[in-house]
Amino acid sequence: MKNILFASSECVPFIKTGGLADVVGSLPKNFDKEKYDVRVVLPKYTCINAKWKDQMEYIDHFYMDIAGSDQYVGILKYVYESITFYFIDNEYYFSGFAPYDGDPKWNIEKFAFFSKAVLSILPVIDYRPDLIHCHDWQTGLIPVYLDNFRFLGEYYRGIKTVMTIHNLKFQGVWDTKSVQYITGLPDYYFVPDKMEAYKDANLLKGGIVYADKVTTVSQTYAEEIKTAFYGESLDGLMSARSNDLCGIVNGLDYDIYCPYKDERITRQFSVDDFRKNKPLNKQALQEELGLEKDPKVMMIGMVSRLTDQKGFDLVDCIMDDLCQDAVQIVVLGTGDAKYENMFRYFAWKYAGKVAANIFYSEDLSHRVYASCDAFLMPSLFEPCGLSQLMSLRYGTIPIVRETGGLKDTVEPYNEFEKTGTGFSFTNYNAHEMLGTIRYAEHIFYDKKREWNKIVERAMEADFSWKNSAKQYDDLYTSLLGE
Ligand code: ADP
Ligand code: GLC
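Below or above, wherever it landed, is the structure these notes cover.

Calculation criteria
Throughout this description, residue numbers start from 1 for each chain and increase along the sequence as written. Note on labels: chains are lettered from A, ligands numbered from 1, in written order. The predicted origin of the model limits local features to residues at a pLDDT of at least 70 and limits the giving and counting of side-chain atom pairs to 80 or more, whereas totals for whole chains, interfaces and linings rest on all residues. Calculated side-chain values reflect all of the structure's heavy atoms, with hydrogen atoms and water omitted. What counts as a helix is a DSSP run of H or I of at least four residues, what counts as a strand is a run of E of at least two, and both are numbered from the N terminus. With the radius of gyration taken over C-alpha atoms, the globule rule is written as 2.2 Å times the number of residues to the power 0.38. Under the scheme applied here, a residue whose accessible area is under 20% of the maximum for its type counts as buried, over 50% as exposed, and between as partly exposed, the area being computed with a 1.4 Å probe on protein chains only. Note that His is not counted, nor are the chain ends; the positive residues are Lys and Arg, and the negative ones are Asp and Glu. Charge positions are represented by NZ for Lys, CZ for Arg, CG for Asp and CD for Glu. Near is defined per residue: the residue qualifies when any heavy atom it owns lies within 4 Å of the molecule or strand. Definition of a polar contact: a pair of N or O atoms within 3.5 Å, with one able to donate and the other able to accept a hydrogen when the atoms are protein atoms, and with sequence-neighbouring residues admitted only if both atoms are side-chain atoms. The Shrake-Rupley method, run with a 1.4 Å probe, gives the accessible areas here. Residue values count only the displayed protein chains as cover. Note on residue classes: Ala, Val, Leu, Ile, Met, Phe, Trp, Tyr, Cys and Pro are nonpolar, Asp, Glu, Lys and Arg are charged, and everything else, Gly too, is polar. By definition, two strands form a pair when at least two bridges between them are found by DSSP. Axis definition: a line fitted to C-alpha atoms, limited for helices to the stretch in contact. Angles are taken between N-to-C directions and run from 0 to 180 degrees. We call two residues in contact when some of their heavy atoms are within 4.5 Å. In this analysis, rings of Phe, Tyr and Trp, with Trp reduced to its six-membered ring, are considered paired at centre separations within 6.5 Å, and the interplanar angle assigns stacked below 30 degrees, edge-to-face beyond 60, and tilted for intermediate values. Definition used in this section: a nonpolar core is a set of buried Ala, Val, Leu, Ile, Met, Phe, Trp, Tyr and Cys residues joined via side-chain atoms within 4.5 Å.

**Side note on the overall build of the chain**
Within the chain, the regular secondary structure consists of 18 helices and 18 strands. In terms of C-alpha radius of gyration, the chain reaches 23 Å, essentially the compact-globule figure of 23 Å for 482 residues. If you line up the chain on its principal axes, its C-alpha atoms span 70 × 45 × 45 Å. In the chain, which comprises 482 residues, the share counted as buried stands at 60%. Both charge centroids of the chain, one from 53 positive and one from 69 negative side chains, sit 2 Å from each other.

As structure tokens, then:
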């Protein structure tokens, strides 16, 4: 039996701002329990729902040196769906309304504390991981501290690390002097072949340099980040580590996202009865959101963080044109004010046709995935993307730009070979996108049998964790042996 510890800043069902939480919440359940004891460690944010916090069991506490002071490290434990979760408690760092706030330096200090605490609690919880699986910049310091902790004795030697990049855009960068003060790490680490990048300290870079293996969440993105356009100025490092870098596409929690069991949607459906039952969801959503009641109109959905990454500037460019067509548009998202206001504006201008839901709601997200006919995701870059996988599962046909995980998971419709699960375009160009949406409209309205075949193929595509968990298993085995 090998012990694998996941360290992450978010995880479903406790705390979520994006797909990272979905991945960390579902992947651990998909390993062979005879082979791996997978546990997860998270910050105990005060904004975690009380229904979870009330069930956590206090284990122990101690004090740890960080940012020039002695900080409380509380350890709590909770077993959920047979996975053991540890929560690190410290109200100074983990209070606030959300896991991250606007102050980058504070975020760095917060997750430096978390990363050091993850290693520091190990001797206390009586669980020594053979491997720590780190996720994103917030845990980038773990492999670095682990290197440094070797000097503390035998206990920390030989623990392997995997660093998974969910989004290379976010790296945790601040000036070297401050980061050195916060982390307490020696000068040795603050040089260009270690944690320093372009004169600043870079936490993700530290993780990438010191991890035994580096992964990202799709094969295409693993290639893209070796190029200047997608490399976020770490493309050189990604190329340098390419022998230890691989892409493993994300899976989806098929219990949570399941059209025939989902209690959040109006009418459940399966690949056998979607023709009859899926449209009932659309009608209910039209009613709920005050859209014109029309069971036949093509409804296009978007559920997303409203940021530049997701391609909303393209949407802005063509909304007026698109709204001349027989379509309805449903948006659920929060993020940059410019995009929040843009969708509010179009919802006002095209009342009854465009619905802008500028808030966060898991419940409504399921209803959007289930009710729409198509799902628009024209990302500028997309490490993997889970929204398109959710859409596929509910027979809602993705219209995507061919980048990262979108390219790896959505097979473009080919009307001659009668293959494909969605529609895609190559260039980051608003009119290329509009052309693709209009082609989808044409198939939807004029070739309904063809459209329904696409829906069937989409619903039957397998993006459960089965294949991808096997690839992580192989990766762990390559480091730990059988
Ligand atoms: P990213 O992690 O880059 O935001 P993903 O597609 O991997 O993109 O994951 C996004 C996740 O966040 C999905 O589970 C999606 O349903 C969810 N999500 C995004 N915005 C909202 C929202 N406003 N309400 C509910 N869920 C949302
Ligand atoms: C990031 C990426 C997204 C990916 C998610 C989970 O948030 O933006 O593409 O699906 O992480 O890996």
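**Here's the deal with the site of ligand 1**
Near ligand 1 lie 22 residues; those nearest to it are Lys-16, Gly-19, Arg-305, Lys-310 and Tyr-369. Within the contact set of ligand 1, a nitrogen atom lies 2.9 Å away from a backbone nitrogen or oxygen of Phe-359. In the complex, the protein chains occlude 94% of the 570 Å² of accessible area that ligand 1 would expose alone. Within the residue set of the shell around ligand 1, elements represented by two or more residues are α1 (19-26), β13 (298-306), β14 (327-335), α13 (362-371) and α14 (387-393). The element that contributes the greatest number of residues to the shell around ligand 1 is β13, accounting for 3 residues. The residue makeup of the shell around ligand 1, split by class, is 8 nonpolar, 9 polar and 5 charged.

**Some details on the site of ligand 2**
Near ligand 2 there are 14 residues, and of these His-166, Asn-250, Glu-382, Cys-384 and Gly-385 occur at the shortest range. Between Asn-250 and ligand 2, the recorded distance is 2.8 Å, taken from a side-chain N or O atom to an oxygen atom. Contacts to ligand 2 include Glu-382, whose side-chain N or O atom sits 2.5 Å from an oxygen atom. Broken down by element, the shell around ligand 2 gets its largest block of residues, 3 residues, from α1. Considering only residue class, the shell around ligand 2 consists of 6 nonpolar, 6 polar and 2 charged.

**Some words on the sheet that holds β13**
Sheet architecture is open: 6 strands sit in the order β15-β14-β13-β16-β17-β18, paired in parallel fashion. Bordering the open sheet on either side are β15 (354-357) and β18 (423-425), each of which pairs with just one other strand. Put simply, the sheet's adjacent strands are angled 15° from each other on average, direction ignored. The sheet contact formed by β14 and β15 spans 4 bridges and is parallel. Residue Ile-329 lies in a different strand from β15, and its bridge partner there is Val-354. Most of the contacts of helix α11 (residues 312-322) go to β13, to which it runs at about 155°, and overall it touches β13, β14, β15, β16 (374-377) and β18. Lying over the sheet, helix α12 (residues 337-349) contacts β13, β14 and β15, oriented at roughly 145° with respect to β15.

**Observations concerning the packing of aromatic side chains**
Within the structure shown, the criterion is met by 42 aromatic pairs. Ring centres of Tyr-36 and Tyr-476 lie 5.6 Å apart, and the angle between their planes is 85°; this geometry places the pair in the edge-to-face category. Highlighted residues: Tyr-36 in strand β2 (residues 36-43) and Tyr-476 in helix α18 (residues 466-480), separated in sequence by 440 residues. Look at Tyr-36 and you get buried, because its relative accessible area is 5%.

**Focus: the side chain of Ser-26**
Mapped onto the elements, Ser-26 comes out in helix α1. For Ser-26, a relative accessible area of 3% puts it in the buried group. Once residues lying within four places of it in the same chain are set aside, the contact partners of Ser-26 are Asp-253 and Trp-465.

**Quick notes on the nonpolar core**
One broad rule of soluble globular proteins: the nonpolar side chains tend to lie buried together. Core analysis: the largest hydrophobic core is formed by 164 residues, its most contacted members being Ile-88, Ile-329, Trp-451 and Tyr-476. At 11 residues, the largest contribution of residues to this core is made by helix α4 (residues 104-125). Sequence-distant contacts of Tyr-476, defined by excluding residues within four places in its chain, comprise Ile-4, Phe-6, Phe-31, Tyr-36, Leu-131, His-133, Val-162 and Gly-481.

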